[in-house]
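Structural characterization, general
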Amino acid sequence: MKKIILLLTVFTSFTFAASAQEIADNAIGLRLGDSDGFGAEISYQRALGDNNRLEADLGWRSGNDYDGFKLTGLYQWVWQLDGNFNWYAGAGGGLGSYSFDDGDFDDETFVFVAGDIGIEYNFDIPLLLSLDFRPELGFGDFRDDLDFDIALGIRYQF
């Protein structure tokens, strides 16, 4: 019985050691998607440990009848899939504002909660590509529903 416990302990230790990945201390770039009117976001990621990080995104949009911005903050957990492929999940929230040009709607500032799940590829050069899905639940008069945001991320790691 002692040999089995020892064998399981050694096997578990090797499993955890083999699945350890290294995420960059910092990454900055663009997150490009368009589900809820915000197409481009400046994105910054800061590592907090071996497998977790903070992400902050600032998005802006200028349409025919409105202008707006959105600030998002997320806490993410990162796990290695295979080689340089990782997957991640997280949660957070943010705030935003719409300014309408016509008189049909009042200008609005809103808050939202968000989830995040995605995959990323960490190149041998300091480049990180990601594809993520971010459902957002808004709390405001105009934006009081659930939006689904799918985006491609391109970031420089340092």
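Residues numbered from 1 in each chain as written. Predicted model: local features only at pLDDT ≥ 70, side-chain atom pairs only at ≥ 80, totals over all residues. Heavy atoms only, no water.

A few points about the overall build of the protein chain
Definition in use: Labels follow the DSSP assignment, with helices taken as runs of H or I lasting at least four residues and strands as runs of E lasting at least two, numbered in each case from the N terminus. The buried label goes to any residue with under 20% of its type's maximum accessible area, the exposed label to any with over 50%, and the partly exposed label to all in between, with areas taken from a 1.4 Å probe on protein chains only. By the convention used here, residues are in contact when the closest approach between their heavy atoms is within 4.5 Å. Residue exposure ignores everything except the shown protein chains as possible cover, and the areas themselves are Shrake-Rupley values with a 1.4 Å probe.
Secondary structure assignment for the protein chain yields one helix and eight strands. Ordering the α and β elements of the protein chain from the N terminus gives α-β-β-β-β-β-β-β-β. By residue count, 35% of the 158 residues in the protein chain fall in the buried class. Contacts in the protein chain between residues at least 24 apart in sequence constitute 50% of all its contacts with a sequence separation of at least 6. Element-wise, carbon and sulfur atoms account for 65% of the exposed surface of the protein chain, whose accessible area totals about 9300 Å².

Comments concerning the packing of aromatic side chains
The following threshold applies: Aromatic pairs are defined between Phe, Tyr and Trp rings, using the six-membered ring for Trp, whenever the two ring centres lie within 6.5 Å; interplanar angles under 30 degrees are classed as stacked, those over 60 as edge-to-face, and all others as tilted. Criterion for a charge above a ring: Arg CZ or Lys NZ at most 6 Å from the ring centre, at most 35 degrees from the ring normal.
Inspection of the entire model under this criterion finds nine aromatic pairs. Judged by centre distance (6.2 Å) and plane angle (40 degrees), the ring pair of Phe 110 and Phe 112 falls under tilted. In this structure, Phe 110 and Phe 112 share a single accessibility class: buried. A network of ring pairs unites the aromatic residues Tyr 98, Phe 100, Phe 110 and Phe 112 as a single cluster. Above the ring of Tyr 88, the side-chain terminus of Arg 53 is found at 5.0 Å from the ring centroid. The ring of Phe 112 has Lys 70 lying over it, and the distance from NZ or CZ to the ring centre is 5.7 Å.

So, the nonpolar core
Put simply, the rule reads: We call a set of buried residues a nonpolar core when its members are Ala, Val, Leu, Ile, Met, Phe, Trp, Tyr or Cys and they connect through side-chain atoms within 4.5 Å of each other.
Leu 74, Tyr 98, Phe 100, Phe 110, Phe 112 and Ala 114 together form the largest nonpolar core, which totals six residues. Among the elements of the structure, strand 5 (85–100) and strand 6 (108–122) are those that each provide at least two residues to this core. With three residues, the top contributor of residues to this core is strand 6.

What to know about the sheet that holds strand 3 (residues 52–62)
Let me state the cut-off plainly: Note: two strands are recorded as paired if DSSP finds a minimum of 2 bridges between them. For helices, the fitted axis covers only the stretch in contact; all axes are lines through C-alpha atoms, and the angles between them, taken along N-to-C directions, range from 0 to 180 degrees.
Strand order in the closed barrel formed by eight strands is 1-2-3-4-5-6-7-8, and the pairing between neighbours is antiparallel. On average, each strand axis in the sheet is inclined to that of its neighbour by 25 degrees, with strand direction left out of account. Looking at chain direction, strand 3 and strand 4 (residues 66–82) are connected through 11 bridges and run antiparallel. Along strand 4, the bridge assignment pairs Asp 57 with Thr 72.

As for the pairing of strand 5
Alignment of strand 4 against strand 5, held across 16 bridges, turns out to be antiparallel. In the sheet register, Thr 72 faces strand 5, and the bridge partner there is Gly 94. Count of turn residues in the strand 4/strand 5 antiparallel hairpin: two residues, of which Gly 83 carries a positive phi of about 60 degrees. As paired elements, strand 5 and strand 6 share 14 bridges and run antiparallel to each other. Across the sheet, Phe 85 pairs through a bridge with Tyr 121, a residue of strand 6.

Structural notes on the confidence of the model for the protein chain
The condition that has to hold: Values of pLDDT, the confidence the predictor places in each residue, fall between 0 and 100.
Residues of the protein chain with pLDDT of at least 70 account for 82%, and the chain-wide mean is 84. No element of the protein chain has a lower mean pLDDT than helix 1 (residues 2–18), at 48, and none a higher one than strand 2 (residues 40–47), at 95. Per-residue pLDDT stays below 50 along residues 10–20; that stretch engages in three contacts with residues further than four places along the chain or on separate chains.

Overview of a negative patch on the surface
Cut-off, in case you're wondering: Exposure above 30% relative accessible area and the absence of a salt bridge qualify a residue for a patch, where like charges join within 9 Å and nonpolar side chains (Val, Leu, Ile, Met, Phe, Trp, Tyr) within 5 Å. Salt bridges are counted wherever a side-chain nitrogen of Lys or Arg sits within 4 Å of a carboxyl oxygen of Asp or Glu. The charge count includes Lys and Arg as positive and Asp and Glu as negative, but it does not include His or the ends of the chains. Charged side chains are reduced to one point each, which is NZ for Lys, CZ for Arg, CG for Asp and CD for Glu.
Residues Asp 65, Asp 67, Asp 101, Asp 106, Asp 107, Asp 141, Asp 144 and Asp 145 make up a contiguous surface patch of negative charge. Locating Asp 67 in the fold gives a position in strand 4.

Considering the pattern of salt bridges
Enumeration according to the criterion identifies 10 salt bridges in this entry. For Glu 41, the salt bridge goes to Lys 70, with nearest N and O atoms at 3.7 Å. You can see Glu 41 sitting in strand 2 and its partner Lys 70 sitting in strand 4, a full 29 residues away along the chain. In this structure Lys 70 comes out as buried when scored by relative accessible area, which is 0%. The partner of Arg 134 in a salt bridge is Asp 57, and the shortest N-O contact between them spans 2.8 Å. Of the two residues, Arg 134 is situated in strand 7 (residues 127–139) and Asp 57 in strand 3; the sequence distance between them amounts to 77 residues. Here Arg 134 and Asp 57 have matching classes, each one buried. Shared partners join several salt bridges into a network, and the residues in it are Arg 31, Glu 41, Glu 55, Asp 57, Lys 70, Asp 132, Arg 134, Glu 136, Asp 149 and Arg 155.

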